[in-house]
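# An overview of the molecular structure
Okay, here's what each chain looks like letter by letter:
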Amino acid sequence: SAVISQKPSRDICQRGTSLTIQCQVDSQVTMMFWYRQQPGQSLTLIATANQGSEATYESGFVIDKFPISRPNLTFSTLTVSNMSPEDSSIYLCSGAGQLNTEAFFGQGTRLTVV
Amino acid sequence: AQSVTQLGSHVSVSEGALVLLRCNYSSSVPPYLFWYVQYPNQGLQLLLKYTTGATLVKGINGFEAEFKKSETSFHLTKPSAHMSDAAEYFCAVSGGRGSGNTGKLIFGQGTTLQVKP
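Residues numbered from 1 in each chain as written. Chains lettered and ligands numbered in written order. Predicted model: local features only at pLDDT ≥ 70, side-chain atom pairs only at ≥ 80, totals over all residues. Heavy atoms only, no water.

## Quick look at the side chain of Asp-87 of chain A
- Residue position: Asp-87 of chain A is located in the loop between strand S8 (75-80) and strand S9 (89-96).
- At 2.6 Å, the side chain of Asp-87 of chain A and the side chain of Lys-65 of chain A are in polar contact. (Helix = DSSP H or I, 4+ residues; strand = E, 2+ residues; numbered from the N terminus. Polar contact = N/O pair within 3.5 Å; in protein donor to acceptor, adjacent residues only side chain to side chain.)

## A short note on the environment of Ser-69 of chain A
Residue and element names in this part refer to chain A.
- Considering the arrangement of structural elements, one finds Ser-69 in strand S7 (residues 68-72).
- On the accessibility criterion, Ser-69 (30% relative accessible area) is partly exposed.
- Along the sequence, Ser-69 and Phe-104 sit 35 residues apart, while their C-alpha atoms lie 19 Å from each other.
- Once residues within four sequence positions are removed from consideration, Ser-69 is found in contact with Phe-75, Ser-76 and Thr-77.
- There is a polar contact of 2.6 Å between the side chain of Ser-69 and the side chain of Thr-77. (Buried < 20%, exposed > 50% of the residue type's maximum accessible area, 1.4 Å probe, protein only. Contact = heavy atoms within 4.5 Å.)

## Some points on the interface of chain A and chain B
- Counting from both sides, the interface comprises 21 residues of chain A and, opposite them, 19 residues of chain B.
- Where chain A abuts chain B, roughly 1600 Å² becomes buried across the two surfaces, and 52% of that area is made up of carbon and sulfur atoms.
- Our count for the contact surface shared by chain A and chain B stands at seven residue pairs in polar contact (both at pLDDT 80 or more).
- Mapped onto the side of chain A that touches chain B, the elements with two or more residues apiece are strand S4 (31-37), strand S5 (43-49), S9 and strand S10 (103-105) of chain A.
- At four residues, S4 of chain A tops the list of elements feeding residues into the side of chain A that touches chain B. (Buried area = accessible area lost by both parts, 1.4 Å probe.)

Here is the structure:
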């Protein structure tokens, strides 16, 4: 399976600021996704990162709050904009290979907004 | 539409005892089913998956799960728990081949497994 590296692994940010999380895969993947895991909760899909086009967002998530880029088949970024304490979560990137029979995950970015 | 329900947010077993974590799913298309494990302050690791074929699937660390279509279940078992099994376990579903939703996971609420010495 591919290896996904996420940066930063954790950060503490001031409210009202923005943070960009990077996700690098060591091989080309067809699909990439971004998830949010709120404290003590399960994972919720934010969006599908589409290569060369706008991301596809799930209900409850909007591009202005979570802009996503995917310039190629191995890299994606998620920005958490105008942060508030409610954005404190773990953000995880995942990738699915050509056959898409499984998804593998990065280690996540633990974000605390103060 | 797809959904996953994990019965029991916390499960406690003694070391050496059987581990049973329950997962039921709902899917309008033939599903792919997964179990992931998350250790504290770490990402998700795939334990096992069902896509097609044999309904009893074996994974890493001695875990296995059985896909039962009639019961819409995919319960995770391990014959003998080890202290190192203590973690958070997530059941997940995606659309199967041809659905256009493979790789896109819907997760259950998670089950915390505690292993007592």
